[in-house]
Amino acid sequence: NFAKFFSKKYYYGTILNSFKVSICVTLVSLIIGIVFSYFYSFFRLKGAKFLLVASILCCMSAPFIGAYAWILLLGRSGAITNVLKSLGINVGSIYGFWGILLVQATKLYPLVLIYMNGMFRNLDNSLMEASANLGASSRQTFFHVTLPLCMPAVRNAFFIILTYSFGAYELPFLLGSTLPKALPVQAYLS
């Protein structure tokens with residue numbers, strides 16, 4: 001069965017396509033989640049608690065509901081698409097790689113947010129103060145002190161999102177009409 005599976009490009013192409021989508025979704029989710037969590041943890045922002053709760057609630061919704069909501073907003077005749085078309089702005093299509101990337105990243109970044117929030121809150125502030133006392137800028141402190149201390153949480157979030165994204169069936173099935181099928185969709189259809 002393995003020889004049969006890997007002898008046809010269509011089948012091993014589904015694995016490559018799934019890895020491509022999963023890695024991109026994971027990286028985008030990590031970037032959004034780390035930045036959001038950093039500003040939430042270290043700065044006093046108005047409405048930050050509401051944004052945190054709203055993003056976590058979005059993460060808890062069913063995948064089919066989230067995908068259908070994005071289709072209603074940015075689909076071929078979606079609400080936002082129609083408004084932007086009337087203004088003369090072409091948005092493109094939510095179907096395909098970029099749509100899956102957008103929807104999955106916005107659904108999964110709250111998982112990074114939860115991990116990183118806990119990590120940022122438990123950091124020893126004296127290390128960041130020592131970095132500032134030695135003349136490091138806030139950017140240097142983030143990349144050379146804060147982020148290396150948070151790498152266990154980043155690694156955990158990376159693997160959880162990668163696994164979830166690789167095994168996600170709903171979004172590639174609903175939005176992947178212009179792509180070769182992802183592995184979970186192909187497994188379901190076979």
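Report follows, based on the coordinates. (Residues numbered from 1 in each chain as written. Predicted model: local features only at pLDDT ≥ 70, side-chain atom pairs only at ≥ 80, totals over all residues. Heavy atoms only, no water.)

1. Topic: the packing of helix H4 (residues 63–74) against helix H6 (residues 97–121)
Across the interface, H4 lies against H6 with an axial gap of 11 Å and an inter-helix angle of 130 degrees. Classified by the angle their axes make, H4 and H6 are oblique. Handedness of the H4/H6 crossing: right-handed. Between H4 and H6, the contacting residues are Pro63, Trp70 and Leu74 on the first element and Leu102, Val103, Thr106 and Lys107 on the second. (Axes fitted to C-alpha atoms, helices over the stretch in contact; angles between N-to-C directions. Helix = DSSP H or I, 4+ residues; strand = E, 2+ residues; numbered from the N terminus. Parallel < 35°, antiparallel > 145°, perpendicular 65-115°, else oblique. Left-handed = near helix turned anticlockwise from the far one by under 90°. Contact = heavy atoms within 4.5 Å.)

2. Examining the environment of Phe173
Examined against the element boundaries, Phe173 turns out to sit in helix H10 (residues 170–175). On the basis of relative accessibility, which here comes to 35%, the residue Phe173 falls in the partly exposed class. For the pair Phe173 and Ala67, spaced 106 residues apart in sequence, the C-alpha to C-alpha distance is 9.9 Å. (Buried < 20%, exposed > 50% of the residue type's maximum accessible area, 1.4 Å probe, protein only.)

3. Remarks on a nonpolar patch on the surface
Together, Ile31, Val35, Phe39, Phe43 and Leu45 give the surface a local cluster of nonpolar side chains, amounting to about 460 Å² of exposed area. With respect to the element layout, Val35 can be found in helix H2 (residues 9–42). Overall, Val35 belongs to the partly exposed group, its relative accessible area being 42%. (Patch = residues over 30% accessible without salt bridge, like charges linked within 9 Å, V, L, I, M, F, W, Y side chains within 5 Å. Areas by Shrake-Rupley, 256 points an atom, 1.4 Å probe, with all protein chains shown as cover. Salt bridge = Lys/Arg side-chain N within 4 Å of Asp/Glu carboxyl O.)

4. Observations regarding the packing of aromatic side chains
Inspection of every chain in the model, using the stated rule, returns twelve aromatic pairs. Among the aromatic residues, those joined into a cluster by ring pairs are Tyr38, Phe39, Phe42, Phe43, Phe120, Phe142 and Phe143. Here the guanidinium or amino end of Lys20 rests over the ring plane of Phe97, the centre of that ring lying 4.9 Å away. The cationic tip of Arg76 hangs over the ring face of Tyr95; the distance from NZ or CZ to the ring centre is 4.2 Å. (Phe/Tyr/Trp six-rings, centres within 6.5 Å; stacked < 30°, edge-to-face > 60°. Lys NZ or Arg CZ within 6 Å of the ring centre and 35° of its normal.)

5. With respect to the environment of Met151
As for its position among the elements, Met151 is in helix H9 (residues 151–167). For the pair Met151 and Met119, spaced 32 residues apart in sequence, the C-alpha separation works out to 9.3 Å.

6. So, the nonpolar core
Ile34, Ile94, Val112, Met116, Phe120, Phe142 and Leu175 are the most contacted members of the largest nonpolar core, which totals 30 residues. Top contributing element to this core by residue count: H6, with eight residues. Beyond its immediate stretch of four places on either side in the chain, Phe120 contacts Ile34, Ser37, Tyr38, Ser41, Phe42, Phe142, Thr146 and Cys150. Counting six residues, the second largest nonpolar core, distinct from the first, contains Tyr40, Ala48, Tyr109 and Leu113. (Core = buried A, V, L, I, M, F, W, Y, C linked by side-chain atoms within 4.5 Å.)

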